[in-house]
Amino acid sequence: MHGRNYIDGQWRNGGARLATTNPSDLDEIVGEYDQASVADAEDAIHAARRALPAWAAANIQLRGDMLRKVGDALYARAQDVGTLLAREEGKTLKEGIGEAVRAAQVFHYFAGETVRHPGQWYNSLRDGHNVIVSYEPVGVVAAITPWNFPIAIPAWKVAAALAYGNTVVLKPSEYAPGCAVLLAEMLEQAGVPNGVFNLLLGDGRSIGQTLIDGADAVTFTGATPTGRRILQMAAPTMTKVQLELGGKNPFIVLDDADLDVAVEAAAQGTWGQTGQRCTGSERIIVTKGIHDAFVERLVQTVSNYRVGHALDPQTEIGPVANQAQLDKNLGFINRARADGAELVAGGHVKEARTRGHFLAPTLFLNTTNAMELNREEIFGPVAGIIKVEDLDEAIAVARDCELALSSGIATTSLKSAERYRRASNAGMMTVNAPTAGVEYHVPFGGRAPSGFGGREQGAASAEFFTEIKTAYINHGVV
Ligand code: TXE
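The residue count restarts for each chain, going from 1 along the sequence in the order it is written. Whole-chain, interface and lining totals are the exception, using all residues; otherwise, since this is a predicted model, local features are given only for residues with pLDDT of at least 70 and side-chain atom pairs are given and counted only at 80 or more. With hydrogens and water excluded, all non-hydrogen atoms of the structure serve as input to the side-chain values.

Participant: Can you explain the site of the ligand? Please cite residues and give values.
Facilitator: Neighbouring residues are identified by heavy atoms, a residue being near a molecule or strand if any of them is within 4 Å of it. Within the structure, the ligand sits among 24 residues, and T145, K171, E174, Q325 and K328 are positioned closest to it. We call two N or O atoms a polar contact when they sit within 3.5 Å, provided that within protein one can donate a hydrogen and the other can accept it, with sequence-adjacent residues counted only if both atoms are side-chain atoms. Between the ligand and T145, the relevant distance is 2.8 Å, taken from an oxygen atom to a main-chain nitrogen or oxygen of the residue. The backbone of A223 places a nitrogen or oxygen atom 2.9 Å from an oxygen atom of the ligand. A 1.4 Å probe and the Shrake-Rupley method give the accessible areas. Residues count as covered only by the protein chains that appear here. Protein contacts shield 91% of the accessible area of the ligand, which totals 810 Å² for the unbound molecule. For the purposes of this entry, the term helix denotes a DSSP run of H or I that reaches at least four residues, the term strand denotes a run of E that reaches at least two, and both are numbered from the N terminus. Broken down by secondary-structure element, the contributors of at least two residues to the shell around the ligand are α7 (204–214), β11 (217–221) and α11 (323–338). Among the elements that line the shell around the ligand, the one with the most residues is α7, at 3 residues. Classification convention: Asp, Glu, Lys, Arg as charged; Ala, Val, Leu, Ile, Met, Phe, Trp, Tyr, Cys, Pro as nonpolar; all other residues, Gly among them, as polar. When its residues are assigned to classes, the shell around the ligand shows 9 nonpolar, 10 polar and 5 charged. The domain boundaries here were taken from an automatic or database domain assignment. Two domains share the shell around the ligand, each providing at least three of its residues, namely domain 1 (2–245 + 449–473) and domain 2 (249–431).

Participant: Describe the sheet that holds strand β1 (residues 2–3), with residues and values.
Facilitator: Strand order in the open sheet made by the 3 strands is β1-β5-β4, with mixed pairing throughout. A single partner strand is all that each edge strand has here, and the edge strands are β1 and β4 (17–22). Two strands pair under a simple rule: DSSP has to find at least two bridges between them. Looking at chain direction, β4 and strand β5 (residues 25–34) are connected through 6 bridges and run antiparallel. Note on β5: the bridge partner recorded for T20 is G31. The criterion used for residue contact is that any of the two residues' heavy atoms lie within 4.5 Å. Axes here refer to lines fitted to C-alpha atoms; in helices the fit is confined to the stretch in contact. Angles between the N-to-C directions go from 0 to 180 degrees. Helix α3 (residues 78–89) contacts β4 and β5 of the sheet and is inclined by roughly 110° relative to β5.

Participant: An account of the packing of α7 against helix α8 (residues 224–234) is needed here, citing residue identities and associated values.
Facilitator: Direction vectors running N to C along α7 and α8 enclose 50°, while the axes themselves pass 9 Å from each other. Judged by the angle between their axes, α7 and α8 are oblique. Crossing handedness for the pair α7 and α8: right-handed. Together, G208, Q209, I212 and D213 of α7 and I230, M233 and A234 of α8 make up the contact between the two elements. Broken down by class, the residue content of the contact of α7 with α8 amounts to 4 nonpolar, 2 polar and 1 charged. Every angle not falling under 35 degrees, over 145, or within 65 to 115 is termed oblique; those three ranges are roughly parallel, roughly antiparallel and roughly perpendicular. A crossing counts as left-handed when the near helix is turned anticlockwise from the far one by less than a right angle, and as right-handed when that turn is clockwise.

Participant: Please set out the domain arrangement of the protein residue by residue, giving values where relevant.
Facilitator: Domain boundaries in the protein define domain 1 (2–245 + 449–473) and domain 2 (249–431). Computed from C-alpha atoms alone, the centre-to-centre distance between domain 1 and domain 2 is 31 Å. Contacts between the two partners involve 25 residues from domain 1 and, on the opposite side, 29 residues from domain 2. For salt bridges, the criterion is a side-chain nitrogen of Lys or Arg within 4 Å of an Asp or Glu carboxyl oxygen. Linking domain 1 with domain 2 are 2 salt bridges. A salt bridge links E402 to R228; its shortest N-O distance comes to 3.8 Å. Linking domain 1 to domain 2 there are 10 residue pairs in polar contact (both at pLDDT 80 or more). When contributions to the side of domain 1 that touches domain 2 are tallied by element, the ones reaching two or more residues are β5, α3, α4 (93–116) and α8. Per-element accounting of the side of domain 1 that touches domain 2 gives the leading share, 4 residues, to α3. Considering only residue class, the side of domain 1 that touches domain 2 consists of 9 nonpolar, 8 polar and 8 charged.

Participant: Tell me what's going on with the side chain of D40, and back it up with residues and numbers.
Facilitator: Along the polypeptide, D40 turns up in helix α1 (residues 38–57). With relative accessibility at 7%, the residue D40 sits in the buried group. Beyond its immediate chain neighbours, meaning those up to four positions away, D40 contacts N5, I7, R12, Q35 and L200. Working definition: with a 1.4 Å probe on protein chains only, accessible area under 20% of the residue-type maximum means buried, over 50% means exposed, and in between means partly exposed.

Participant: I'd love a proper account of the packing of aromatic side chains, names of residues and values included.
Facilitator: Only rings of Phe, Tyr and Trp enter the pairing, Trp through its six-membered ring, and a pair is recorded when the two centres are within 6.5 Å. The plane angle decides the type: under 30 degrees is stacked, over 60 is edge-to-face, the rest tilted. Counted by the stated rule, this structure contains 9 aromatic pairs. Relative to W11, the ring of Y6 has its centre 4.6 Å away and its plane inclined at 40°; by these criteria the two rings are tilted. The class of Y6 is buried, set by a relative accessible area of 4%. Using a relative accessible area of 23% as the deciding quantity, one classes W11 as partly exposed. Between W156 and F444, the aromatic rings sit 5.3 Å apart at their centres with planes inclined by 45°, giving tilted as the arrangement.

Participant: Can you lay out the pattern of salt bridges for me, pointing to particular residues and giving the numbers?
Facilitator: With the rule as written, the count across this model stands at 27 salt bridges. Note that E32 is salt-bridged to R17, the shortest N-O span being 3.4 Å. One end of the pair, E32, is in strand β5; the other, R17, is in strand β4, with 15 residues separating them in the sequence. Overall, the relative accessible area of 48% leaves R17 in the partly exposed class. When the shortest N-O distance is used, the salt bridge between E28 and R87 registers 2.6 Å. Remark: R87 occurs in helix α3 and E28 occurs in strand β5; sequence separation between them is 59 residues. Classification of E28 as partly exposed rests on a relative accessible area of 22%. The class for R87 is partly exposed, based on a relative accessible area of 23%.

Participant: Describe the sheet that holds strand β19 (residues 428–431), naming the residues involved and giving the relevant values.
Facilitator: Strand order in the open sheet made by the 7 strands is β15-β16-β17-β14-β13-β18-β19, with mixed pairing throughout. On the outer flanks of this sheet lie β15 (342–345) and β19, each paired with one strand and no other. With direction set aside, neighbouring strand axes in the sheet form an average angle of 25°. Across 5 bridges, the pairing between strand β14 (residues 281–287) and strand β17 (residues 382–388) is parallel. Looking at β17, one finds that V286 is bridged to K387. Of the strands in this sheet, β13 (249–253), β14, β15, β16 (362–365) and β17 are in contact with helix α10 (residues 288–304), which crosses β14 at around 145°. Contacts between helix α13 (residues 414–423) and the sheet are confined to β13, β18 (406–410) and β19, with β18 contributing the most and set at about 165° to the helix.

Now the structure itself:
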């Protein structure tokens with residue numbers, strides 16, 4: 001694939017080309033992409049600004065119909081999108097197709113949101129007056145996205161922004177931009193007017209300030225330090241900022257848990273999608289009564305995973321997405337060993353029929369919450385088990401972490417589940433289910449520093465993508 005920038009309805013060549021390689025097969029180039037320049041970024045922002053009034057005023061049925069067409073195209077092309085995703089990011093084909101289908105569902109949901117999103121009407125304290133509260137587009141939205149969900153995250157930012165009448169400049173990750181190029185083609189084919197959606201490729205650092213200065217709002221998903229930087233960059237212009245950042249998500253297993261359910265949820269939450277999910281479980285906190293039985297089963301499960309080429313139908317865990325990420329994972333593994341954690345599964349690079357970034361799913365035992373392994377986001381197929389006395393200690397350990405995105409508990413006690421629902425400091429929590437896997441119609445996000453500026457997905461996304469107007473009407477009828 002040769003990916004180009006899409007600005008004001010035109011595909012534009014330009015700049016240096018960045019190549020992506022297949023993490024399952026380093027000898028395969030997947031795509032070459034033209035790096036957007038600062039001038040391209042300025043043009044995209046200006047195009048989005050020019051297109052804004054007409055799009056904001058566009059008939060809501062028309063806006064919805066266009067979004068629905070994009071959803072239809074994503075469904076129809078889920079196999080192509082999923083295959084490209086698997087080749088460029090390294091998710092298994094099943095996971096890649098699943099993500100493409102999710103992106104389709106997101107577009108269909110927001111197609112309906114164009115007509116569903118309500119305003120409010122109040123009586124006034126003043127006789128003969130009433131108050132109308134309405135929601136208006138925030139304006140030009142810059143969406144900056146990461147590599148780990150290269151179609152779902154662009155979809156949930158772009159679909160929401162467009163549904164509420166905003167225009168968009170999307171800057172996907174330089175590590176996996178292919179799916180965003182396909183999405184741009186689908187938006188073009190659905191008849192989205194020139195300038196309403198624009199795509200800029202390449203590395204975000206060179207054009208980030210231009211986007212933030214020119215946009216009315218910036219929605220970002222990625223690393224916590226990058227999010228902090230974006231917030232600082234947005235301060236002088238007071239550009240509205242939404243950040244979805246890292247997690248260090250705890251999964252608690254209590255003595256009364258159903259062992260099958262607990263093992264399945266812990267394993268899926270930890271190693272699913274190669275552990276490259278901000279909502280993945282990275283700290284498994286287990287009470288002492290079930291500890292040994294749970295560990296035995298979990299080690300069995302993790303040791304049996306088939307790691308390999310993402311397109312191989314037998315593969316359950318695909319490769320790590322890129323070299324930098326693999327080096328980062330191995331660094332965490334080495335330091336955890338040096339800190340005294342006991343390696344009970346994985347911990348090493350695996351050979352496969354092709355040259356790729358294959359890392360054996362890794363589990364450490366006898367870890368403490370003070371270890372680096374349990375304090376910083378790893379973002380890979382690596383987790384540690386922390387043994388605790390009881391629910392009280394489990395809650396204390398779970399909360400003893402700066403990051404607060406997702407969390408989970410395995411228990412058959414309604415009382416313990418409800419206690420943890422209240423005690424968890426994370427933005428999302430699950431009972432007897434993996435910490436990852438929030439659906440498109442409910443709020444997604446964490447508390448700072450895992451999240452900032454309002455939740456994404458579902459009706460909650462209107463908080464960020466709209467501005468409120470309060471109108472007093474003196475109608476004179478008493
Ligand atoms: O993220 P970055 P990267 C974590 C994960 C991973 C680490 C680095 O731990 O190891 O982040 O991944 C753009 N102005 N997560 O390098 O740098 C960049 O081009 C404007 C967690 O991919 O945050 C890309 O499009 N844009 C995470 C996007 O920001 C800038 C998901 C994300 O890049 C910019 C992914 C700047 N100054 C990685 N600098 C999660 N929590 O979901 C970078 N970008």
